[in-house]
Amino acid sequence: MADSHAKPNHDYHLVDPSPWPLVGSISAFVLAIGAVMWMKSMTLGGLKMGPYIFGAGLIAVLYTMVAWWADVIKEAEYGGYHTRVVQISHRYGMIMFIASEVMFFVAWFWAYFNSSLFPHEAIEYARTEFTGGVWPPKGIEALDPMHLPLFNTLLLLTSGTTVTWAHHALLHNDRSSLKTGLLLTILLGAMFTCVQAWEYYHAPFAFKGSIYGANFFMPTGFHGAHVIIGTIFLIVCLLRVYNGHFKPDHHLGFEFAAWYWHFVDVVWLFLFSCIYVWGSWGAVIHQE
């Protein structure tokens, strides 16, 4: 019988059977059920099992992620499966993924502008009741865009520079600068998350019962989640660099992390200019 793990004599990668899609689906299902039970305070046999089911699902999802991606790294670094043709397909896949993420944020911007540009829409009489016919709604204190939001903007713009520096260093096989650039990018991303958490904690408005709060926290919160995901992406890349992975002519994992990080940067620029700056015009600015 032929060895199913032997590299075939063609440029395409026929993936071996893997348990991770099934395991990942089951884990995500358990995670979702646990989250619903936890949020709804549902019981199982008289016991509040939601947090435990959620925790089990989360651990299983994280394990699936590590094991699955470890298999992909082995295919790329040691199996020789990521040929030029396969790399092109991977790039198309990443481009389509980022395009889907763009449309995800378009939906939140759509919701924001629908509320902010038409706060007194006659058809949406309930909206006028919530907004008072103006935007920002009456009684809302907006965050000062020239304070923490501007600082976070500078952090992300700087991180875009450092990740580009790291990529340039990799192309020239400068491993020392590659590590430094990646480490700085990770630290800047972590600082952004900490500053945003502080901002959320001291925000003068809440998500619940506020059309302004809902339209603020949903897009900025999902962006914050993407920053955390991108930071983890970069941490994995840094660990791989220390393990001797990535070459000047073969570094898809790092390249995709850089693409994703630049996408996160661009989305933030739109959030900052539209929600923080434009969205605070005419509003009472919250004084911390």
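Before reading further, recall that the structure is shown in the block above.
Structural notes, computed from the coordinates. This is a predicted model, so every value here is computed, not measured.

Turning to the overall build of the protein, a few remarks are in order. Counting its regular elements, the protein contains eight helices and two strands. Counting from the amino terminus, helix and strand elements in the protein follow one another as α-α-α-α-β-α-α-α-α-β. Each principal axis of the C-alpha atoms in the protein carries an extent, and together these give about 75 × 55 × 35 Å. In the protein, buried positions account for 40% of the 288 residues. Long-range pairs, those at least 24 residues apart, make up 75% of the contacts in the protein between residues at least 6 apart in sequence. Of the roughly 16500 Å² that the protein leaves accessible, carbon and sulfur atoms contribute 71%. Each charge class in the protein can be summarised by its mean position, and for the 13 positive and 18 negative side chains these summaries are 5 Å apart.

Packing of helix α6 (residues 175–201) against helix α8 (residues 252–277) brings their axes to within 13 Å, and their N-to-C directions diverge by 35 degrees. The two elements α6 and α8 meet at a crossing, and its hand is left-handed. Counted together, Leu178, Leu182, Thr185, Gly189, Phe192, Gln196 and Glu199 of α6 and Phe254, Trp261, Trp268 and Tyr276 of α8 form the full contact between these two elements. Of the residues belonging to the contact of α6 with α8, the class tally is seven nonpolar, three polar and one charged.

Inspection of every chain in the model, using the stated rule, returns 28 aromatic pairs. Here the aromatic rings of Trp135 and Tyr212 are separated by 5.5 Å at their centres, their planes lie at 40 degrees, and the arrangement is tilted. In this pair, Trp135 sits in the loop between α4 (125–131) and β1 (141–142) while Tyr212 sits in helix α7 (residues 211–242), placing the two residues 77 residues apart along the sequence. The burial state of Trp135 is the same as that of Tyr212; both residues are buried.

This part takes up unusual backbone geometry. Negative phi is the rule for most residues except glycine; trans is the rule for most peptide bonds. Residues other than glycine seldom take positive phi values, yet Asn173 does so here, at roughly 60 degrees. Of note, Asn173 is situated in the loop between α5 (148–171) and α6. According to the relative accessible area criterion, Asn173 is partly exposed, its value standing at 48%. Backbone geometry at Phe246 places phi at a positive 75 degrees, although glycine is not the residue there. In this fold, Phe246 is placed in the loop between α7 and α8.

We now examine the nonpolar core. Residues Leu178, Leu182, Phe205, Phe216, Leu234, Phe254 and Trp268 are the most contacted members of the largest nonpolar core, which totals 46 residues. Secondary structure elements with two or more residues in this core: α3 (84–117), α5, α6, α7 and α8. Phe216 has contacts with Leu143, Glu199, Tyr200, Phe205, Ile275 and Tyr276, leaving out every residue within four places of it along the chain.

Let us look at α7. Helix length check: α7, at 32 residues, gives a terminal C-alpha distance of 47 Å against a target of 46 Å (1.5 Å per residue), a fit within 8%. Following α7 by one or two positions, Gly244 adopts a phi angle in the positive range, close to 85 degrees.

Criteria and cut-off values
Starting afresh in each chain, residues are numbered from 1 along the sequence in its written order. Reporting in this predicted model follows two pLDDT cut-offs: at least 70 for local features of residues, and 80 or more for side-chain atom pairs to be given and counted; totals over whole chains, interfaces and linings ignore these cut-offs and use all residues. Water and hydrogen atoms were dropped before computing side-chain values, which therefore reflect all heavy atoms in the structure. Helical segments are the DSSP runs of H or I of at least four residues, strand segments are the runs of E of at least two, and each set is numbered from the N terminus. Exposure classes here rest on a 1.4 Å probe applied to the protein chains alone. A residue is buried below 20% of its type maximum, exposed above 50%, and partly exposed in between. Residues are treated as being in contact if the distance between any of their heavy atoms lies within 4.5 Å. To measure how exposed things are, a 1.4 Å probe is used in the Shrake-Rupley method; for residues, cover is taken only from the protein chains shown. Positive charges come from Lys and Arg alone, negative charges from Asp and Glu alone, with His and the N- and C-terminal ends not counted. Here the site of a charge means atom NZ of a Lys, CZ of an Arg, CG of an Asp or CD of a Glu. Here an angle of 0 to 180 degrees is reported between the N-to-C directions of two axes, which are lines fitted to C-alpha atoms, with helices fitted over the stretch in contact. Each crossing gets its handedness from the near helix: less than a right angle anticlockwise from the far helix is left-handed, clockwise is right-handed. Under this grouping Gly is polar, as are all residues other than the nonpolar Ala, Val, Leu, Ile, Met, Phe, Trp, Tyr, Cys and Pro and the charged Asp, Glu, Lys and Arg. Stacked, tilted and edge-to-face are the three classes applied to pairs of Phe, Tyr and Trp rings, where Trp contributes its six-membered ring and a pair requires centres within 6.5 Å; stacked means planes under 30 degrees apart, edge-to-face means over 60, and tilted covers the rest. Joining through side-chain atoms within 4.5 Å is the link that ties buried Ala, Val, Leu, Ile, Met, Phe, Trp, Tyr and Cys residues into a set, and such a set is a nonpolar core. Helices are assigned an expected span. That span is 1.5 Å times one less than the residue count.

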